[in-house]
Amino acid sequence: MALSPLKAEHAAETDFESEKIVKFVVVRNGEEDHAEKDELKSFEAALLPHLDAAHNLARWLLRNEEDAQDVVQEAYLRAFKSFSGFHGSNGRAWLLTIVRNTCYTLLKKNRAVDLTTTFDEEIHMSGHESVSPATILEHSEDAELIREAMDELPTEFREILALRHQEDLSYKEIAEIAQIPQGTVMSRLARARAKLKECLAARIGKEK
Amino acid sequence: MNCEEATKLMDGYLDGELDPITSQAIEQHLRGCRNCDQAYKTHGSLIRAIGNTTPYYKAPAGLRERIQASLREEIAERPARNGGRDAQPQFPRRQPEPRTILWGASWNWLALAAAVIFAAIIALNLVPRWQQPAADQFLATQLIASHVRSLMASHLTDVASTDQHTVKPWLDAKLDFAPPVADLSSEGFPLIGGRLDYLDSRPAAVLIYQRRKHFINLFVWPAEPNASRATKAMSRQGYQLLHWVDSDFNYWAVSDVSANDLQTLKQQFEGQTSHH
């Protein structure tokens, strides 16, 4: 008998607390809409300015406009879903990492197709020894020629050239995006540039 | 350093990505080795030329809207999905008898945990904002907005000219101050033109420089007499901002180029304008 008032008091207290908590939960649910809109707003402010960079990278990696647009849209969705985990200040590098990964997912899916278009060293090893750097330089304003030569390169070379020459990213940022050690960036970039020169020389040699 | 090593490191040197000691070693080698020096110069000019000509695929019209629409769709679908994921018995969204579930100690702990997490989220969101003075933050937001706006369609320049002697008089005539204008094309920052803007409650001059494929907006307006002379570098939303003040003017450079490039621009700009 002596215990029952205590019990009742305790019950009342707990009850009171749980009412407060219910309110708290309700308020939180109501705020959720706002929070989501704010999240979307800050996401768009941080990442939509890098849309051109995202599209450019996807376009070079996939060599196809339609795929590039699909991948960029998919990448933005993926980025939005993990935006709460992004605390860095370099939104462009973060977005480009996601774009790059989304591109590779698609490329792997289409590997059969991609294999047929990979770099054929045999074809490019002959007939351009006579083309000097000066001659290549003369042709360096021919955007179409450069685009064709770039498109011939393997994916990893197109990727690193676009990131360095067009996005002006540092080796450190490139290493993060391409998921390679920083030391590999320089050697891969050197190989990519050498290969691009070869491809240009081959094309110019053929024209002659 | 021998020729083989120099050749291996040439691309890193060209990109300004080597540490100072290695850079010096290469420089020394290039001074002494005519072959490598020639190869370096040819490689450099060729790489720059190719880089400048490579087509840049800007996002086509409509892609932005398409993405925005898909993001909104994603949000609209969320509550349904969250309902599934959050369907823990402790969070009573649609339970008819709350008491039986709310009862017990675990609920209180959960509420406490939720409150702590909620407070932590708020604190984490607010702390970085306290670290920089609010006025600078606000100005930085305005500057980035102006930079982004300037790159949409054709808002970049009011006067498009690579000639400082065209840009300067044009700005002078439109403003109540005469901003310094420098041509930095030989330093790799060609002048694209000038623009007028309104910032921090006053008209400002904007000089537009190009760095490879990227644009730099350099905002200029008269400095307050007792303004702090500290140089500030900030990184926000993927953009770099660099602020400095000289005896007459306030400068804010905004771009998506690297922080180092902005520092170089500042040095070159100061070098060209200080003796006037």
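From a predicted model like this one, the values you see are computed outputs, not experimental measurements.

S.K.: What should I look at first to understand the overall build of chain A in this one?
M.R.: What chain A contains, in helices and strands, is 11 helices and zero strands. Tracing chain A from N to C terminus, the helices and strands come up as α-α-α-α-α-α-α-α-α-α-α. Split into buried and exposed, the 208 residues of chain A put 48% on the buried side. Taking contacts inside chain A between residues at least 6 apart in sequence as the whole, the part at least 24 apart equals 75%. Working note: accessible area of chain A is about 10,500 Å², and carbon and sulfur atoms make up 55% of it.

S.K.: Explanation requested: the packing of helix H11 (residues 182-207) of chain A against helix H1 (residues 3-14) of chain B in the structure shown.
M.R.: When two helices pack together, their arrangement is captured by the angle between the axes and the distance separating the axes. In contact at an axis separation of 9 Å, H11 of chain A and H1 of chain B are set at 95 degrees when each is read in the N-to-C sense. Relative to H1 of chain B, the element H11 of chain A lies roughly perpendicular. Touching Met186, Ala190 and Arg193 of chain A of H11 of chain A are Lys8, Leu9, Asp11, Gly12 and Leu14 of chain B, all from H1 of chain B. Broken down by class, the residue content of the contact of H11 of chain A with H1 of chain B amounts to four nonpolar, one polar and three charged.

S.K.: Is there a simple way to explain the pairing of strand S7 (residues 249-255) of chain B in this structure?
M.R.: If a strand is regular, its side chains alternate between the two faces of the sheet. Residues and elements named next belong to chain B. Burial of S7 is extensive: seven of the seven residues sit out of reach of the surface. Across the two faces of S7 the burial is the same, with Phe249, Tyr251, Ala253 and Ser255 and Asn250, Trp252 and Val254 all buried. As judged from the seven bridges shared by strand S4 (residues 214-222) and S7, these two strands associate in the antiparallel manner. Counterpart to asparagine 217 in the pairing with S7 is valine 254. Bridge analysis of strand S6 (residues 239-245) against S7 gives six bridges, and the strand direction is antiparallel. The residue of S7 that forms the bridge with leucine 241 is valine 254. A loop of three residues connects S6 with S7, the two strands running antiparallel in sequence.

S.K.: What is the right way to read H1 of chain B from this model?
M.R.: In this model H1 of chain B runs 16 Å from its N-terminal to its C-terminal C-alpha over 12 residues, within 8% of the 16 Å that 1.5 Å per residue would give. Along H1 of chain B, the residues classified as buried are Ala6, Leu9, Met10, Asp11, Gly12, Tyr13 and Leu14 of chain B. Looking at the buried residues of H1 of chain B, the elements they touch are helix H10 (171-178) and H11 of chain A together with helix H2 (20-32) and helix H3 (34-53) of chain B. The distance from a side-chain oxygen at the start of H1 of chain B to the backbone nitrogen of glutamate 4 of chain B is 3.2 Å, and the residue carrying that oxygen is asparagine 2 of chain B. Positive backbone phi, at 65 degrees, marks glycine 16 of chain B, one or two positions downstream of H1 of chain B.

S.K.: Help me understand the sheet that holds strand S2 (residues 191-199) of chain B, please; the structure alone is not making it clear to me.
M.R.: Consider a sheet: its strands pair through backbone hydrogen bonds, and that pairing is either parallel or antiparallel. All names here are of chain B. Taking strand neighbours across the sheet as the criterion, the seven strands line up as S1-S2-S3-S4-S7-S6-S5 in an open arrangement whose pairing is antiparallel. Strand pairing shows two members of the sheet lacking a second neighbour, strand S1 (159-160) and strand S5 (232-236), which therefore form its edges. Across the sheet, helix H8 (residues 164-174) touches S1, S2 and strand S3 (202-211), and the angle it forms with S2 is around 15 degrees. Helix-sheet contacts for helix H9 (residues 259-273) involve S3, S4, S6 and S7, and the interaxial angle to S6 is about 30 degrees.

S.K.: Could you clarify how one ought to interpret the pattern of salt bridges in this entry?
M.R.: When charged atoms on two side chains of opposite charge get close, those side chains can pair. Considering all chains together, one arrives at 24 salt bridges over all chains under this definition. A salt bridge links aspartate 15 of chain B to arginine 193 of chain A; the nearest nitrogen and oxygen atoms lie 3.0 Å apart. Note that aspartate 15 of chain B is positioned in the loop between H1 and H2 and arginine 193 of chain A in helix H11, a pairing that runs across two chains. Judged by relative accessible area, arginine 193 of chain A falls into the buried class, the value being 2%. Within this structure, Arg164 and Arg193 of chain A together with Asp11, Asp15 and Glu17 of chain B form a network of salt bridges that share partners.

S.K.: Looking at this structure, I do not really get unusual backbone geometry. What am I missing?
M.R.: A negative phi holds for most residues other than glycine; trans holds for most peptide bonds. Here arginine 63 of chain A, not a glycine, exhibits a phi torsion of approximately 55 degrees, which is positive. Here arginine 63 of chain A is to be found in the loop between helix H2 (51-62) and helix H3 (65-81). Residue arginine 63 of chain A is classed as partly exposed on the basis of its relative accessible area of 24%. Phi is positive for arginine 212 of chain B, close to 50 degrees, though the residue is something other than glycine. Counting through the fold element by element, arginine 212 of chain B comes out in the loop between S3 and S4.

S.K.: What is the right way to look at the environment of tyrosine 209 of chain B in this model?
M.R.: Residues and elements named next belong to chain B. Mapped onto the fold, tyrosine 209 is located in strand S3. Sequence separation of tyrosine 209 and alanine 253 is 44 residues, and the distance between their C-alpha atoms is 9.8 Å. In contact with tyrosine 209, other than residues within four places in its own chain, are Ala182, Leu184, Phe189, Pro190, Leu191, Ile192, His214, Phe215, Ile216, Leu218, Leu265 and Phe269. Polar contacts involving the side chain of tyrosine 209 include one to the main-chain carbonyl oxygen of alanine 182, which spans 2.5 Å.

Criteria and cut-off values
Residues numbered from 1 in each chain as written. Chains lettered and ligands numbered in written order. Predicted model: local features only at pLDDT ≥ 70, side-chain atom pairs only at ≥ 80, totals over all residues. Heavy atoms only, no water. Helix = DSSP H or I, 4+ residues; strand = E, 2+ residues; numbered from the N terminus. Buried < 20%, exposed > 50% of the residue type's maximum accessible area, 1.4 Å probe, protein only. Contact = heavy atoms within 4.5 Å. Areas by Shrake-Rupley, 256 points an atom, 1.4 Å probe, with all protein chains shown as cover. Axes fitted to C-alpha atoms, helices over the stretch in contact; angles between N-to-C directions. Parallel < 35°, antiparallel > 145°, perpendicular 65-115°, else oblique. Nonpolar A, V, L, I, M, F, W, Y, C, P; charged D, E, K, R; others polar. Pairing = 2+ DSSP bridges. Expected span 1.5 Å × (residues − 1). Polar contact = N/O pair within 3.5 Å; in protein donor to acceptor, adjacent residues only side chain to side chain. Salt bridge = Lys/Arg side-chain N within 4 Å of Asp/Glu carboxyl O.

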